[in-house]
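Examining the three-dimensional arrangement
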Amino acid sequence: MTRTSVTSLLNEPLIFERSGPGKSAYTLPRLDVEDVPVEEILDSKYLRTEVRGFPEVSEVELIRHYTRLSTWNYHIDLGMYPLGSCTMKYNPKLNERVSRIPGIALTHPLQEEQHSQGNLEILFRLQECLKELTAMDAVSLQPAGGAQAELIGILMIRAHLTRKGNPRKFVLIPDSAHGTNPASAVLAGYEVISIPSDKKGRIDVKVLAEKMSEEVACLMLTNPNTMGIFETHIEEIAQIVHQRGGLIYMDGANFNALMGYARPGEMGIDVLHLNLHKTFSTPHGGGGPGSGPVVCKEHLAPYLPVPRVEQEGELYRLNSDKPESVGRVHSFYGNFGMAVRALCYILSCGREGLKELSEMAVLSANYIRRRLEGHYELPYDTDILHEVVFSDKKQHKKGVTTLDIAKRLIDYGFHPPTTYFPLIVEGALMIEPTESHSKEELDAFIDAMIAISHEVEEDPEKLLSAPTTAKLTRLDEVRAARSAILRWEP
Amino acid sequence: MRYVSITPEEKRLMLKATGVDRVEDLFATIPENLRLSKTLDIPEAASETDILKYFHSLGRKNASAEDFEYFLGAGAYNHFIPTVIDSVISRSEFYTCYTPYQPEISQGTLQATFEFQTLICQLTGMEVANASLYDGGSALAEGVLMAVRTTRRQKVLVAQSVHPEYRRVLETYAANLDIQLQELPFTESGCVDVEALERLVSEDHAAVVIQSPNFFGVLDDVEQAIGLSQSVGALSVVVVSEALSLGLLKPPGELGADIVVGEGQSLGIPLGFGGPYLGLFATKDKYKRQMPGRLVGQTVDSEGRQGYVLTLATREQHIRRQKATSNICTNQGLCALVAAVFLSVLGKQGIRELAEQNLKKAFHLRKLLGDSLVFSGATFNEMVVECSEDPAEINRQLVSEGIIGGLPLGRYFPERSNQMLVCVTEQNSLEKINRLADVLTSVKVTL
Amino acid sequence: MNAPDNLLYSKEHEWILKENDVATLGITDHAQKELGDVVFADFPEVGTTFKVNEAFGSVESVKAVSEVYMPVSGEVVETNESLLDAPEKINDDPYGEGWIIRIRLTNPTELEALMSSQEYSKYVEEESQE
């Protein structure tokens, strides 16, 4: 039973186009100090005339404006996002409520520790949970996202190796890796060597052994990898790298596949990051904020960013006395609001619940795989965990691409899967359902994908012109890049 | 459990379709010896009631703006947060949606972000702004990286009066790239030592970084610093950590700044114990292709209707990989929306009025503090005061009166351990401002 | 396969037209097709010198960026400023109005290592079969 999308949306201009002099949406209390004119306080050279172009609207118009805009967005509460690598699971409302408790939210990062014991307990407890889930020894919740965490992780590795006498020059990265991996390695001052994947979609261990040397600082890997495939040779891989004095960084973006089943700390991983906005249900917010805790083994702990959240007897402390720390990537403590939500989620799911989530995530992905594998080409005939990658090879013969399939799915009322990633699969369609959805939702998605594969045969034009039921049809990205209009001008 | 939607019967059907008997079999791809063998030391699921009780009890262990008046700033400011903001961002259409990579079904986020970019341009006086970065510190790091890329020079002058945490972040980013950071001192006025700047700046410098209002609350001589940097072809990077000040103060864009970076937390984002916050980044049109982070651009669809898309993505990590301009992946999407709503709520009149209230209330305190002020330079809503005793001691006394005092400067400047950085916002009352002044100016009597 | 006879070609899909001691460079028709609609071309300042095989700039489409490499060593004497407003010239007329830079050769013998039109066509065919 497929679903269809029907559109009847109101149009709405830019807020600047709604603006009119004399309208306002705010009230401020009356000034209780002496109302000294500004010009008597500050020299006019410091002052601006006005903020030209700022809108003036009423509260009603403001609310209508944003409400209308909101109706143009697909979102998780509407339906499934089968986005591979993103773990777009349901965002529990309890998380939102807890994060807004005034005693938690209206706190200043620099207020005295003794007056922040509640918040420090939240950070500490989350740290402990993440350590236990990953079988690691130390955590920093400071990085605001996976990319920042990767940078910190590689800098920690660099610091560790520098202490041993040689920071080394290279980082090994599989060709299936997420784009942030090589970017982070370069930012940390390393050169990247790419390791190809084998015919089963796993890191080619032979090539890894060849490329591993005493000039390689670390291997960055994702496990399960971006194809949803578990790197079964992980122990051998760890041995190859460790034997030559290198370390292993794991991109934990796919941790949703492992909870309650396996722990990176028991696989030879030295340091990893987790994504609270993926595995731990914090909302994506249209592109952030996220949070990317760095979790490591004891030998790397001295290099973690400061301050560290520690427990001393009954008290929680912030400790910046870590001379070997690599520094900081974010002011204060990182995205604390996301830590609150993640802890709430972990406590809400509990030990068994977290395991059940991974099970249902893996079951849902495998279910989708089995039901779609006759209709779309599966580049790797390998067991998967929580996500599956198809290609558009079959459909390409009819002149239809992954892009067209993705756009047509919109007309069936779904957000498309991840497209054209990983790069090693041509026309990749990466599907990660997560554990959130009912069987009806999964079936509706599967039926839609199957219906689309039939449309490719019978009426490809439907795909090429898709989507037709969203607020807009396909947008001219070339024009956007060429003209680069990045703001409104009166 | 409540976050899963599959019945036992449906699970059985799905397992059958997948060709295994039990869900555990799907994990067979993980080698046996790597599979978890112990019970995780994580509590069992707690009920909603218990969770709320627990977190409320944690809230009670904190001092918060609910019960205290804050005179603490230093990069995080306690400001008025209009009620409508939460109404807007609590819409799941905005907070549960993904990054707008599929523009046809993300026009809400895209248009709101385009509006945000415009508002930041207007606020900072710059020509282009991105869709936000993580926070002020990482925004500064990105600004410096961009200056280095653009000028192909390796040295950077950084004022000592830039927020110390931002400088630490910059140092972390710069440490492993071929970038040399040099410090620029400040004078008794609290402003950057212009003579030193003139002496030090050279054609080897990629950028000169100053902050205004600076960490000590002092309004710096931005125009002169910009002129001196540009005279040697270096880019001027101006940092703003109290974004609200731009409602009243001349924005760096009007003074010719090349890059403006800063912190947008003042724009409707709660103190939140330090995050999530909002990194601001704006620059000149000629540098737009060197800008890090996400950008929303205007275009049309196949029917000629106006719409918005993420654009100039070739700068980003998912395409350039090793050659990306930075490694950033997320922006602070929802926080940018908060700021956009905030600025739209206040609008042209409100932002000015709010900034003026800050200035006037702070001025009231400034008058009362008289000679105890450390720096002579003009200030907006923060100032440094010389204390007659340990500032931490003073704060302990103030807490008993429902006041969270300013920041003991010794935390960042050990040589200034008797000084306190005090912030006054529109949230502070006449009564408590007077009380604070009393306490700060009373001479400690030692018996 | 559009590859004019009077030009020489490099393995990185650049073409070069030598006229006395100045040569004009651009990317081939094959390259522009692979790239898609060009949105931006980045080239160096006049006066900069580059060695053979060094990257002197890049050509961007919406989805990809390609570095462009020097088929021979030389000093940049002219750049095609019109590409800043009309980068699509690289798509529409890669061998004519879509030229990117003009250089003065510093080592003309390097031309001998480049491919003729036929050799380039063959090379592209072989490459696409891999």
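Okay, so let's go over this structure. (Residues numbered from 1 in each chain as written. Chains lettered and ligands numbered in written order. Predicted model: local features only at pLDDT ≥ 70, side-chain atom pairs only at ≥ 80, totals over all residues. Heavy atoms only, no water.)

Turning our attention to the packing of aromatic side chains. Within the structure shown, the criterion is met by 25 aromatic pairs over all chains. Residues C:Trp15 and C:Tyr95 carry aromatic rings whose centres are separated by 6.0 Å and whose planes lie at 55° to one another, so their mutual orientation is tilted. Here C:Trp15 is found in strand 2 (residues 14–19), whereas its partner C:Tyr95 is found in the loop between helix 2 (89–92) and strand 9 (101–105), with 80 residues between them in sequence. Grouping residues by exposure puts C:Trp15 and C:Tyr95 together as buried. Members of the aromatic cluster, each reached through a chain of ring pairs, are B:Phe186, B:Phe215, B:Phe216, B:Phe375, B:Tyr412 and B:Phe413. A cation over a ring is seen here: A:Arg158 above A:Tyr190, with NZ or CZ 4.5 Å from the ring centre. Its guanidinium or amino end placed over the ring of B:Phe216, B:Arg416 lies 5.7 Å from that ring's centre, counting from NZ or CZ. (Phe/Tyr/Trp six-rings, centres within 6.5 Å; stacked < 30°, edge-to-face > 60°. Helix = DSSP H or I, 4+ residues; strand = E, 2+ residues; numbered from the N terminus. Buried < 20%, exposed > 50% of the residue type's maximum accessible area, 1.4 Å probe, protein only. Lys NZ or Arg CZ within 6 Å of the ring centre and 35° of its normal.)

To continue, consider the side chain of A:Lys407. Of note, A:Lys407 is situated in helix 12 (residues 402–411). On the accessibility criterion, A:Lys407 (6% relative accessible area) is buried. One polar contact links A:Lys407 to B:Glu104, side chain to side chain, over a distance of 2.9 Å. Sequence-distant contacts of A:Lys407, defined by excluding residues within four places in its chain, comprise A:Ala466, A:Pro467, A:Arg474, B:Gln102, B:Pro103 and B:Glu104. (Polar contact = N/O pair within 3.5 Å; in protein donor to acceptor, adjacent residues only side chain to side chain. Contact = heavy atoms within 4.5 Å.)

Pairing between the strands of a sheet comes from backbone hydrogen bonds, and it takes one of two forms, parallel or antiparallel. Residue and element names in this part refer to chain C. Here 3 strands make up an open sheet; going across it, the order is 4-6-7 and the pairing antiparallel. Single-partner strands in this sheet number two, and they are strand 4 (38–42) and strand 7 (65–69). Across this sheet, the average inter-strand angle for adjacent strands is 20°, counted without regard to direction. In this sheet, strand 7 lies alongside strand 6 (residues 55–61) in antiparallel orientation, the contact comprising 5 bridges. When the bridges of strand 7 are listed, Glu 60 appears paired with Val 65. (Pairing = 2+ DSSP bridges. Axes fitted to C-alpha atoms, helices over the stretch in contact; angles between N-to-C directions.)

Treat this as a map of the structure, not an account of what it does.
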